[in-house]
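A look at the structure
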Amino acid sequence: MPLRSKTRSRSTKPRWQRRKDARPEEIVSAALEEFVERGFAATRLDDVARRAGVTKGTLYLYFKNKEALFKAVVRQTIVPVIAHGESIAESFTGTARELLERLVREYWRLVYDTALGGIPKLMMAEAGNFPQLARFYYEEVVTRGHRLLGGVIERGITNGEFRRVDARVAAKLALSPLMHATVAQRAFAHCMPEGFDVRTYLDTHIDLYLHGIANA
């Protein structure tokens, strides 16, 4: 009898208790893949849990709903990229021109050229249906990124490298082509007879942009 009781107790133990090594990071990673593949509206928490190898109950231990999970994805993947750029800018000793180029290339390398590039695309596609998420993303990612590049542009204006421009607008124009590159690379590259060479695209964008704001 004691043996049967022990076996029965073990078999009825909730799955989330048997998976003690499950961590929020695993769920966030699975959620990123689901959001990028399906979009926010079509992503189901059941599918996220299945991909993460946990039960839906385990997921709810860490995230109260899909919106909270999406915010966690953004805060744990894209926001650190912005923080990384801020750290670079704070300690950078070169010219504003060199810093601006480095930040644009780093942002491409870490976001747009990875699975993370699907998140900005997702926000553009679904912002109208989920205004609260759009506001969250704009405040925590977009505004912060614009502020970072705007500060670099203002630095260049102050030291005479750049001509006087509206730094806020100029910062937006520095980043917007990266979104276009993502769409072209992922959605239309197979339709382009000439193909899509990302390296040439970025080199040309940076060259034209820096010449455009140079204090010549």
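If you're wondering where the values come from, they're calculated on a predicted model, not measured in any experiment.

**Structural notes on the packing of helix α8 (residues 96–112) against helix α11 (residues 167–188)**
Where α8 contacts α11, the axes come no closer than 11 Å and their chain directions differ by 35 degrees. Both α8 and α11 take part in a crossing whose hand is right-handed. On α11, the residues that touch V104, Y107, W108 and Y112 of α8 are L175, L178, M179, A181, T182, Q185 and R186. Of the residues assigned to the contact of α8 with α11, the class counts are eight nonpolar, two polar and one charged.

**What about empty space enclosed by the protein?**
What the rule picks out here adds up to two cavities of 30 Å³ or more. Taken together, V81, I82, G85, L103, V104, E106, Y107, G145, L148, L149 and L175 form the lining of the largest cavity. Elements with a contribution of two residues or more to the lining of the largest cavity: α7 (79–91), α8 and α10 (131–158). With four residues, α8 is the single largest residue contributor to the lining of the largest cavity. In terms of residue class, the lining of the largest cavity is made up of eight nonpolar, two polar and one charged. One number sums up the size of the second largest cavity: a volume of about 50 Å³. Lining the second largest cavity, in full, are L100, E101, V104, A174, H205, I206, Y209 and L210.

**Focus on the confidence of the model for the chain**
Residue-level pLDDT values for the chain average 88, and 89% of them are 70 or greater. Between residues 1–19, whose pLDDT stays under 50, and residues either more than four places distant or in other chains, the model counts nine contacts.

**Let's talk about the nonpolar core**
One finds F35, L69, F70 and Y107 to be the most contacted residues of the largest nonpolar core, which totals 64 residues. Residues in contact with L69, not counting those within four places in the same chain, are I27, A31, F35, L45, V48, L59 and F63.

**Here's the deal with the pattern of salt bridges**
The final tally for this structure, using the stated rule, is 14 salt bridges. Residue R51 is joined to E34 by a salt bridge in which the shortest nitrogen-to-oxygen separation is 3.3 Å. Of this pair, R51 sits in helix α4 (residues 45–52) while E34 is found in helix α3 (residues 24–38), placing the two residues 17 residues apart along the sequence. Owing to a relative accessible area of 34%, R51 belongs among the partly exposed residues under this scheme. Exposure remark for E34: the relative accessible area of 3% places this residue in the buried category. Here R51 and E37 are joined by a salt bridge, their closest N and O atoms 3.2 Å apart. In this pair, R51 is assigned in helix α4 and E37 in helix α3, connecting sequence segments 14 residues apart. Here the residues in one salt-bridge network are E33, E34, E37, R38 and R51, joined through shared partners.

The rules behind each value
- Residues numbered from 1 in each chain as written.
- Predicted model: local features only at pLDDT ≥ 70, side-chain atom pairs only at ≥ 80, totals over all residues.
- Heavy atoms only, no water.
- Axes fitted to C-alpha atoms, helices over the stretch in contact; angles between N-to-C directions.
- Helix = DSSP H or I, 4+ residues; strand = E, 2+ residues; numbered from the N terminus.
- Left-handed = near helix turned anticlockwise from the far one by under 90°.
- Contact = heavy atoms within 4.5 Å.
- Nonpolar A, V, L, I, M, F, W, Y, C, P; charged D, E, K, R; others polar.
- 1 Å grid on protein atoms, 1.4 Å probe; cavity = no way out; pocket = protein on both sides within 12 Å on 5 of 7 lines; lining within 4 Å.
- Points joined across faces, edges and corners; volume = space filled by probe spheres on them.
- pLDDT = per-residue confidence, 0-100.
- Core = buried A, V, L, I, M, F, W, Y, C linked by side-chain atoms within 4.5 Å.
- Buried < 20%, exposed > 50% of the residue type's maximum accessible area, 1.4 Å probe, protein only.
- Salt bridge = Lys/Arg side-chain N within 4 Å of Asp/Glu carboxyl O.

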